Amino acid sequence: MSDQSQQGATVPNPVIPGFHPDPSVCRAGDDYYLVCSSFEYFPGIPVFHSRDLVNWTQIGNALDRTSQLHLPRGMSSSAGIYAPTLRHHDDRFWLIVTNVSDSGNMLFTATDPAGPWSDPVRLPGVPGIDPDLAWDEDGTCWCTVAGVSQVRIDPHTGETFSEPHSLWSGTPGALAPEAPHLYRIGGYWYLLIAEGGTERGHGVSIARGRTPSGPFEPCPANPILTHRGTPRPIQNTGHADLVQAPDGSWWMVLLGVRPRGGTPGWHVLGRETFLAPVEWVDGWPVVGDLSPELPTPAWPLHPGPTAPVRDDFDHAELHPRWISLRERPERLCTTKEPSGWLTLRAAGASLDDNDVVFVGRRQQHLACRARTLIDPADGRGGLAVRLDEEHHYEIEAGAGEVTVYARIGSLRAEVASRPLPEGAVVLGVEIAPPRDARTGPDALSFGFEEPDGTFTTLAVLDGRHLSTEVAGGFTGRVIGMYAATGTAHFDWFDYEPLPHS
Ligand code: 6LW
């Protein structure tokens, strides 16, 4: 905690908006680090740094080489990288994670969480998903997974020393006990889990025992956090991790969603990272209010999501916010030819294809605008809002026209088309609340800039079809550039949060 003077300040939740689920956090001295799941995107596992748990900066992606991350071309969306755990132990950072599409559980280490991270230590003897790491006083390393079960491992070699041992499966009858994290706090070992499924029933429960392997006694107040069955604007709260600040206070990071619109409520940004204060009462954690305005006793106000961000593509390396599908095809995606432009060479023909060349960033605000200057050169390319292969809207330029397409489930439609102005053109999408709040969560307006600088809207599309409630899966919207045929060059990309009610 840096500045204790700002008593009574509030900060906005989510603290990391947009598709940033399954947060895991650790502290090293005065620095906090946090990682999230990344599924079918490459590079994988965004890494964030903060000094106050509220203001987070992305400092890299842990898995940025193919020797660390293999996402097979045939894999489906929302597979791949699930639920990492990040810990600081023995002057090193440890990251354990599951690649459900390839090698299962893997462990990585780094001296600097910004990278480089090691090549993987594979854990063939560790079953399941959501692996956690904890060390006891004599240095024994315990790996606990969804279910909830545990094995003793050598984190240096990946060797396992026991069969999975069942620990505690949460509230009797509850769906999906998962996301375990084990901590030594005071005289107890605490086993924190998520249960109820990652949808509206999600929640967090805890048990404690005298040893890392139990037996565990459930907290009488379980679930210690859930928003199920409430009208709260943040829903699906669960998959949490705990961290203690240098001043002794405790905090919880967790995932939640912000559904909007009429019944059943659609969330479009995926599962986001939230922060809640924690107090200890009679040896059990009590989670404080998790509101959009998070009351904190100690911190400066969050600067807020107001500034437009321009990527000029003037550096050889892309900013860590940029992600691609399944791999970064260096040959097909470069900022060097010509220098200062992002050049994409088509592989798949459309965003329906697994191997489409797409480079995007997470949509992080309920209302925002994205624009890009494209020179479609000899091909076709455009600006897309993507949830998965079967749910995306895009505006495409090339071959003398500009066209808006929509893909919703098995339906694909050309929505609108116009002759293309000569040469390079600015394509844009504006995402805003719908006129009628009883309808979808938002409306997406696609258009282009005329030669005289005016902006022409070609189509306005209902955002519900790019929501998790419609598409399913574990991800959120990603907005970006793609090539459909030939080569497309992009000079810059602007992302601008907009005010919304
Ligand atoms: C993750 C599980 C979950 O492995 O969703 O919300 C799965 N929790 O713990 C994918 O994110």
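Thresholds, definitions, all that
Residues numbered from 1 in each chain as written. Predicted model: local features only at pLDDT ≥ 70, side-chain atom pairs only at ≥ 80, totals over all residues. Heavy atoms only, no water. Helix = DSSP H or I, 4+ residues; strand = E, 2+ residues; numbered from the N terminus. Rg over C-alpha atoms; globule rule 2.2 N^0.38 Å. Buried < 20%, exposed > 50% of the residue type's maximum accessible area, 1.4 Å probe, protein only. Contact = heavy atoms within 4.5 Å. Lys, Arg positive; Asp, Glu negative; His and termini not counted. Charge placed at Lys NZ, Arg CZ, Asp CG, Glu CD. Pairing = 2+ DSSP bridges. Axes fitted to C-alpha atoms, helices over the stretch in contact; angles between N-to-C directions. Domains from an automatic or database assignment. Buried area = accessible area lost by both parts, 1.4 Å probe. Near = heavy atom within 4 Å. Polar contact = N/O pair within 3.5 Å; in protein donor to acceptor, adjacent residues only side chain to side chain. Nonpolar A, V, L, I, M, F, W, Y, C, P; charged D, E, K, R; others polar. Salt bridge = Lys/Arg side-chain N within 4 Å of Asp/Glu carboxyl O. Phe/Tyr/Trp six-rings, centres within 6.5 Å; stacked < 30°, edge-to-face > 60°. Lys NZ or Arg CZ within 6 Å of the ring centre and 35° of its normal.

Engineer: Help me get a handle on the overall build of the protein, residues and values and all.
Structural biologist: Of the regular secondary structure elements, the protein holds one helix and 39 strands. Taking 23 Å as the expected radius of gyration for a compact globule of 501 residues, we find that the protein reaches 23 Å, a close match to that expectation. When the backbone C-alpha atoms are referred to their principal axes, the protein occupies close to 70 × 45 × 45 Å. Every one of the 501 residues in the protein was classed for burial, and the buried ones make up 59%. Restricting to contacts in the protein with at least 6 residues of sequence separation, those with at least 24 account for 58%. Taking the average place of the 37 positive charges on the side chains of the protein and the average place of its 62 negative ones, the gap between the two points comes to 3 Å.

Engineer: Could you give me a rundown of the sheet that holds strand 20 (residues 235–244), with the residues and numbers involved?
Structural biologist: The four strands are arranged 20-21-22-23 in an open sheet whose pairing can be described as antiparallel. The open sheet terminates on both sides in strands that have one partner only, identified here as strand 20 and strand 23 (284–287). Strand after strand, the sheet turns through a mean of 35° between neighbouring axes, direction not considered. Pairing between strand 20 and strand 21 (residues 250–257): six bridges, direction antiparallel. The partner of glutamine 235 across the bridge, within strand 21, is valine 257.

Engineer: Tell me about the pairing of strand 6 (residues 57–63), residues and numbers included.
Structural biologist: Of all seven residues in strand 6, five are buried; the element is thus mostly enclosed. Pairing of strand 5 (residues 44–50) with strand 6, which is carried by five bridges, proceeds in the antiparallel orientation. Bridge pairing in strand 6 links glycine 44 to leucine 63. The hairpin formed by strand 5 and strand 6 contains six residues between the paired strands, and leucine 53 there has a positive phi angle of roughly 70°.

Engineer: Got a sec to walk through the domain arrangement of the protein? Specific residues and values, please.
Structural biologist: The domain architecture assigned to the protein consists of domain 1 (3–295) and domain 2 (310–497). Centre-to-centre separation of domain 1 and domain 2, based on C-alpha positions: 31 Å. Taken together, the contact pairs 38 residues of domain 1 with 39 residues of domain 2. Taken together, both faces of the contact between domain 1 and domain 2 bury some 3,200 Å²; the carbon and sulfur share is 57%. Ranking the residues of domain 1 by area buried against domain 2 places Tyr41, Trp266 and Val268 at the top, with a combined share of 23%.

Engineer: Outline the sheet that holds strand 13 (residues 149–153), supporting the account with residue identities and numerical values.
Structural biologist: The four strands lie next to each other as 11-12-13-14, forming an open sheet whose pairing is antiparallel. Edge strands, defined here as strands with exactly one partner in the open sheet, are strand 11 (132–135) and strand 14 (165–166). Alignment of strand 13 against strand 14, held across two bridges, turns out to be antiparallel. What sits directly across from glutamine 150, in strand 14, is histidine 165.

Engineer: Please set out the site of the ligand residue by residue, giving values where relevant.
Structural biologist: Surveying the vicinity of the ligand reveals 13 residues, the closest of which are Asp22, Asp130, Thr198, His239 and Arg271. Aspartate 22 is positioned such that a nitrogen or oxygen atom in its side chain is 2.5 Å from an oxygen atom of the ligand. Its residues assigned to classes, the shell around the ligand shows six nonpolar, three polar and four charged.

Engineer: Describe the pairing of strand 23, listing the residues and the values that go with them.
Structural biologist: Summarising the sheet, strand 22 (residues 272–281) and strand 23 pair through four bridges and their orientation is antiparallel. Pairing of tryptophan 280 across the sheet is with proline 285, part of strand 23. What sits between strand 22 and strand 23 in their antiparallel hairpin is a turn of two residues, with aspartate 282 showing a positive phi close to 50°.

Engineer: Please give an account of unusual backbone geometry that cites residues and values.
Structural biologist: In this structure, the amide linkage connecting glycine 147 to the following residue, valine 148, adopts the cis form with an omega of 10°. Within the secondary structure layout, valine 148 lies in the loop between strand 12 (141–145) and strand 13. Omega for the bond connecting threonine 263 with proline 264 falls within 30 degrees of zero, at 5°, which places this linkage in the cis form. Its location among the elements puts proline 264 in the loop between strand 21 and strand 22. Although it is not a glycine, alanine 176 adopts a positive phi angle of roughly 50°. Relative to the helices and strands, alanine 176 resides in the loop between strand 14 and strand 15 (178–185). A relative accessible area of 28% places alanine 176 in the partly exposed class.

Engineer: Any chance you could break down the side chain of serine 77 for me, citing the residues and the numbers?
Structural biologist: Residue placement: serine 77 occurs in the loop between strand 6 and strand 7 (81–89). Here glutamate 389 takes part through its side chain, which lies 2.6 Å from a polar atom of the side chain of serine 77. Once residues lying within four places of it in the same chain are set aside, the contact partners of serine 77 are Glu40, Arg326, Arg386, Asp388 and Glu389.

Engineer: Break down the pattern of salt bridges for me, with residues and values.
Structural biologist: This model, assessed by the stated rule, comprises 27 salt bridges. Here arginine 51 ties to aspartate 31 by a salt bridge, and the two come within 2.5 Å at their closest N and O atoms. Of this pair, arginine 51 sits in the loop between strand 5 and strand 6 while aspartate 31 sits in strand 3 (residues 31–35), and the two are 20 residues apart along the sequence. Among the residues examined, arginine 51 registers a relative accessible area of 48% and is labelled partly exposed. Linking glutamate 272 and arginine 258 is a salt bridge whose minimum nitrogen-to-oxygen distance equals 2.8 Å.

Engineer: Kindly report on the packing of aromatic side chains, identifying the contributing residues and their values.
Structural biologist: Across all of its chains, the model carries 14 aromatic pairs by this definition. Aromatic side chains tryptophan 250 and tryptophan 280 sit 5.7 Å apart centroid to centroid with 75° between the ring planes, which places their arrangement in the edge-to-face category. In this pair, tryptophan 250 is assigned in strand 21 and tryptophan 280 in strand 22, connecting sequence segments 30 residues apart. Grouped by ring-pair contacts, the aromatic residues Phe19, Phe39, Tyr41, Tyr82 and Phe474 constitute a single cluster. Seen from the ring of tyrosine 188, arginine 210 lies directly overhead, with NZ or CZ sitting 3.9 Å from the centre.

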